[in-house]
Amino acid sequence: MANLDIASPVTIDAQPGRIVIEAAQETPRRLKLPFSESDLLKNSDALSFHEDDLAQPTDSEMGG
């Protein structure tokens, strides 16, 4: 039995007739993004988000 908890990194492999979940051998790499959340929100306020300009998904985009 694997020694895993809810935060353990795992690998998931689909094989014929079964799904195999194992403890990851390596810690996954963190993606280094060019901007932080604070950079993206800098100088933003309630008026700059344009909530009313959000696109509405079509029925086919929603699976209908």
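Residues numbered from 1 in each chain as written. Predicted model: local features only at pLDDT ≥ 70, side-chain atom pairs only at ≥ 80, totals over all residues. Heavy atoms only, no water.

Please provide a residue-by-residue account of the overall build of the chain, values included.
Counting secondary structure elements, the chain contains 1 helix and 2 strands. Along its sequence from the N terminus, the chain presents helices and strands in the succession β-β-α. Over its C-alpha trace the chain gives a radius of gyration of 21 Å, far above what one expects of a compact globule, namely 11 Å for 64 residues. Looking at the 64 residues of the chain, the share that counts as buried comes to 2%. Each charge class in the chain can be summarised by its mean position, and for the 5 positive and 12 negative side chains these summaries are 14 Å apart. (Helix = DSSP H or I, 4+ residues; strand = E, 2+ residues; numbered from the N terminus. Rg over C-alpha atoms; globule rule 2.2 N^0.38 Å. Buried < 20%, exposed > 50% of the residue type's maximum accessible area, 1.4 Å probe, protein only. Lys, Arg positive; Asp, Glu negative; His and termini not counted. Charge placed at Lys NZ, Arg CZ, Asp CG, Glu CD.)

Account for the pairing of strand β2 (residues 18-23), naming residues and giving values.
Across 6 bridges, strand β1 (residues 10-15) lies against β2 in antiparallel orientation. Across the sheet, Thr11 pairs through a bridge with Glu22, a residue of β2. Taking the residues that link successive antiparallel strands as the turn, the β1-β2 hairpin has 2 residues, and the phi of Gly17 there is positive, at about 85 degrees. (Pairing = 2+ DSSP bridges.)

An account of a nonpolar patch on the surface is needed here, citing residue identities and associated values.
Side chains of Leu4, Val10, Ile12, Ile19 and Ile21 sit close together on the surface and give an oily, nonpolar patch of about 490 Å² of accessible area. Looking at the nonpolar patch, the elements with two or more residues in it are β1 and β2. Structurally, Ile19 can be placed in strand β2. Judged by its relative accessible area of 64%, Ile19 is exposed. (Patch = residues over 30% accessible without salt bridge, like charges linked within 9 Å, V, L, I, M, F, W, Y side chains within 5 Å. Areas by Shrake-Rupley, 256 points an atom, 1.4 Å probe, with all protein chains shown as cover. Salt bridge = Lys/Arg side-chain N within 4 Å of Asp/Glu carboxyl O.)

Summarise the environment of Asp53; cite the residues concerned and give the values.
Structurally, the position occupied by Asp53 is in the segment after α1 (37-41). Look at Asp53 and you get exposed, because its relative accessible area is 55%. Each C-alpha atom of the pair Asp53 and Ser36 lies 24 Å from the other, and the pair is 17 residues apart in sequence.

Help me get a handle on the confidence of the model for the chain, residues and values and all.
Taken residue by residue, the chain gives an average pLDDT of 84. The fraction at 70 or more is 92%. Within the chain, the element-level pLDDT minimum falls on α1, averaging 89, and the maximum on β2, averaging 93. (pLDDT = per-residue confidence, 0-100.)

Kindly report on unusual backbone geometry, identifying the contributing residues and their values.
Not every positive phi belongs to a glycine, and Asn43 is a case in point at roughly 65 degrees. If you trace the backbone, Asn43 turns up in the segment after α1. Asn43 sits in the exposed class, given a relative accessible area of 76%.

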